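Observations on the model geometry
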Amino acid sequence: MNRKYRKTVIAGNWKMNQTASGIKPFMEELKAELPQTKSCDIVLCTPAVMIPAMIRGGKECKVAAGGQDVSKYEKGAYTGEVSADQLADIGAKYCIVGHSERRQYHHEDDMLVNAKAKALLEKGIIPIICVGESLEQREMDLTIEYITYQVKAALYGISAQQLRHCIIAYEPIWAIGTGKTATAQQAQEVCEAIRIVIRKMYGARPARAVSILYGGSMNAKNAAELLAQPDIDGGLIGGASLKPADFAQIVKATTQ
Ligand code: PEP
């Protein structure tokens, strides 16, 4: 983390778990575990239907609400889709785009991720742009090349001014929901490479200011070591964000 230049962000991804009525008891438990003063921004990304409940429930703990996906279209005949305008209207402040589960199960590619990030920025929502390599790509020593391509494609046409409102999340696919975490060194190496790509695209200042998160089986035990890395500015957390005590522990790890 480098607090001097950028924000520390701990974001949970609840995926298709929990219910709106479960948010109140979750927050009560979280409140009891969280420190009074927080040294990071806290976000919980839920299915869109739960965002209003998250905004109500998250107020006391200063938890911002985020979505998990958005349509690239502004409006129209796209049954089942949720637009950036609709997310902004119900109070979402953040939204994940390009999560590997969307890429895998919904065949989302880098161009679509780019279009979705732009749609969110248009409506003042911070995109949390996910990138990450597969195990095969890592074993073939293609990690840095592949991540470089993903970052360049995701940020194509996004201005330096807009970049200030973007977050990048490095999520190696092989570490998501598997219990296999990247070592702190592996995670730092890729997050540093992402910052280098951004520096080449936008210059030193914007690169220094962009928050880069690590995601992939981050938990109460390994968070402190990952967050101590100079280019890791927070976490995107799946499984552990569903357990208030564990999530609070990760938030606390940002103060170490
Ligand atoms: C995720 O889904 O973004 C994620 C990182 O999941 P987990 O923490 O469960 O690996």
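Okay, so let's go over this structure. Here the structure is a predicted model, which is why all the values come from computation and not from measurement.

Cut-offs and rules
Residues numbered from 1 in each chain as written. Predicted model: local features only at pLDDT ≥ 70, side-chain atom pairs only at ≥ 80, totals over all residues. Heavy atoms only, no water. Helix = DSSP H or I, 4+ residues; strand = E, 2+ residues; numbered from the N terminus. Rg over C-alpha atoms; globule rule 2.2 N^0.38 Å. Buried < 20%, exposed > 50% of the residue type's maximum accessible area, 1.4 Å probe, protein only. Contact = heavy atoms within 4.5 Å. Pairing = 2+ DSSP bridges. Axes fitted to C-alpha atoms, helices over the stretch in contact; angles between N-to-C directions. Right-handed = clockwise from strand over helix to strand, strands pointing away. Near = heavy atom within 4 Å. Polar contact = N/O pair within 3.5 Å; in protein donor to acceptor, adjacent residues only side chain to side chain. Areas by Shrake-Rupley, 256 points an atom, 1.4 Å probe, with all protein chains shown as cover. Nonpolar A, V, L, I, M, F, W, Y, C, P; charged D, E, K, R; others polar. Phe/Tyr/Trp six-rings, centres within 6.5 Å; stacked < 30°, edge-to-face > 60°. Lys NZ or Arg CZ within 6 Å of the ring centre and 35° of its normal. Arc of directions from axis to C-beta. Core = buried A, V, L, I, M, F, W, Y, C linked by side-chain atoms within 4.5 Å. Expected span 1.5 Å × (residues − 1).

Attention now goes to the overall build of the protein. Along the backbone of the protein there are 12 helices and eight strands. For 256 residues, the compact-globule formula gives about 18 Å, and the C-alpha radius of gyration of the protein, at 17 Å, lands near that figure. Taking the principal axes of its C-alpha atoms as reference, the protein extends roughly 50 × 45 × 35 Å. Looking at the protein residue by residue over its 256 residues, the buried ones come to 52%. The long-range fraction of contacts in the protein, counting pairs at least 24 apart against all pairs at least 6 apart in sequence, stands at 73%.

So, on to the sheet that holds strand 2 (residues 41-45). The eight strands lie next to each other as 1-2-3-4-5-6-7-8, forming a closed barrel whose pairing is parallel. Geometrically, the sheet is characterised by an average inter-axis angle of 25 degrees between neighbouring strands, direction not taken into account. Against the sheet, helix 12 (residues 244-253) engages strand 1 (9-13), strand 2 and strand 8 (234-237), with an angle of about 160 degrees to strand 1.

Neither face of strand 4 (residues 94-97) is open: one carries Tyr94 and Ile96, the other Cys95 and Val97, and all of them are buried. Looking at chain direction, strand 3 (residues 63-67) and strand 4 are connected through two bridges and run parallel. Bridged to Gly66 within strand 4 is Tyr94. In this view, the connection linking strand 3 to its parallel neighbour strand 4 by way of helix 3 (residues 84-89) has right-handed handedness. Pairing of strand 4 with strand 5 (residues 126-131) involves four bridges; the strand directions are parallel.

Moving on to the site of the ligand. Around the ligand sit 14 residues in total, of which Lys15, Glu171, Gly177, Ser217 and Gly238 are the nearest. The separation between an oxygen atom of the ligand and a polar side-chain atom of His99 is 2.9 Å. Between the ligand and the protein, one listed contact pairs an oxygen atom with a backbone N or O atom of Gly177 at 2.7 Å. Coverage of the ligand by the protein amounts to 95% of the 290 Å² it exposes when considered alone. Among the residues forming the shell around the ligand, the class breakdown is four nonpolar, eight polar and two charged.

One can find Asp69 in the loop between strand 3 and helix 3. Of the polar contacts made by the side chain of Asp69, one reaches the side chain of Arg102; its length is 3.3 Å. At a separation of 2.8 Å, a polar atom in the side chain of Asp69 contacts the side chain of Lys116. Contact partners of Asp69, with chain neighbours within four places excluded, come to Leu87, Cys95, Ile96, Arg102, Glu108 and Lys116.

Applying the stated criterion across every chain yields a total of three aromatic pairs. Ring centres of Trp14 and Phe26 lie 4.8 Å apart, and the angle between their planes is 75 degrees; this geometry places the pair in the edge-to-face category. Linking Trp14 in the loop between strand 1 and helix 1 (23-33) with Phe26 in helix 1, this pair joins segments that are 12 residues apart in sequence. An identical accessibility class is assigned to Trp14 and Phe26; each is buried. The ring of Tyr5 has Arg208 lying over it, and the distance from NZ or CZ to the ring centre is 4.1 Å.

Looking now at helix 2 (residues 51-58). Among the residues of helix 2, those classed as buried are Ile51, Ala53, Met54 and Gly58. Along the axis of helix 2, the buried residues cluster in a sector spanning 155 degrees; they form a single face. On its buried face, helix 2 sits against helix 1, strand 2, strand 3 and helix 3.

Of all five residues that make up strand 3, four are buried, and the element is covered over most of its length. Pairing of strand 2 with strand 3 involves four bridges; the strand directions are parallel. Bridging across to strand 3, Cys45 finds its partner in Gly66. Taking the sense of rotation as the criterion, the β-α-β connection linking strand 2, helix 2 and strand 3 turns out right-handed.

By size, the foremost hydrophobic cluster in this structure holds 68 residues, and its most contacted members are Ile194 and Ile198. Take this core: its biggest share by element is eight residues, from helix 9 (residues 184-202). Setting aside residues no more than four positions away along its own chain, Ile194 makes contact with Val131, Ile147, Val151, Ile168, Tyr170 and Ile212.

An ideal rise of 1.5 Å per residue puts 18 Å on 13 residues; helix 5 (residues 110-122) measures up with 18 Å between its terminal C-alpha atoms. Turning to helix 5, its buried residues are Asp110, Val113, Asn114, Lys116, Ala117, Ala119, Leu120 and Leu121. In the core, the buried residues of helix 5 are packed alongside helix 3, strand 4, helix 4 (100-106), strand 5, helix 7 (143-154) and helix 8 (160-163). The N-capping residue of helix 5, defined by a side-chain oxygen 3.2 Å from the backbone nitrogen of Met111, is Asp109. Positioned one or two residues after helix 5, Gly124 has a phi angle of 80 degrees, which is positive.

Purely geometric numbers; function is a separate question.
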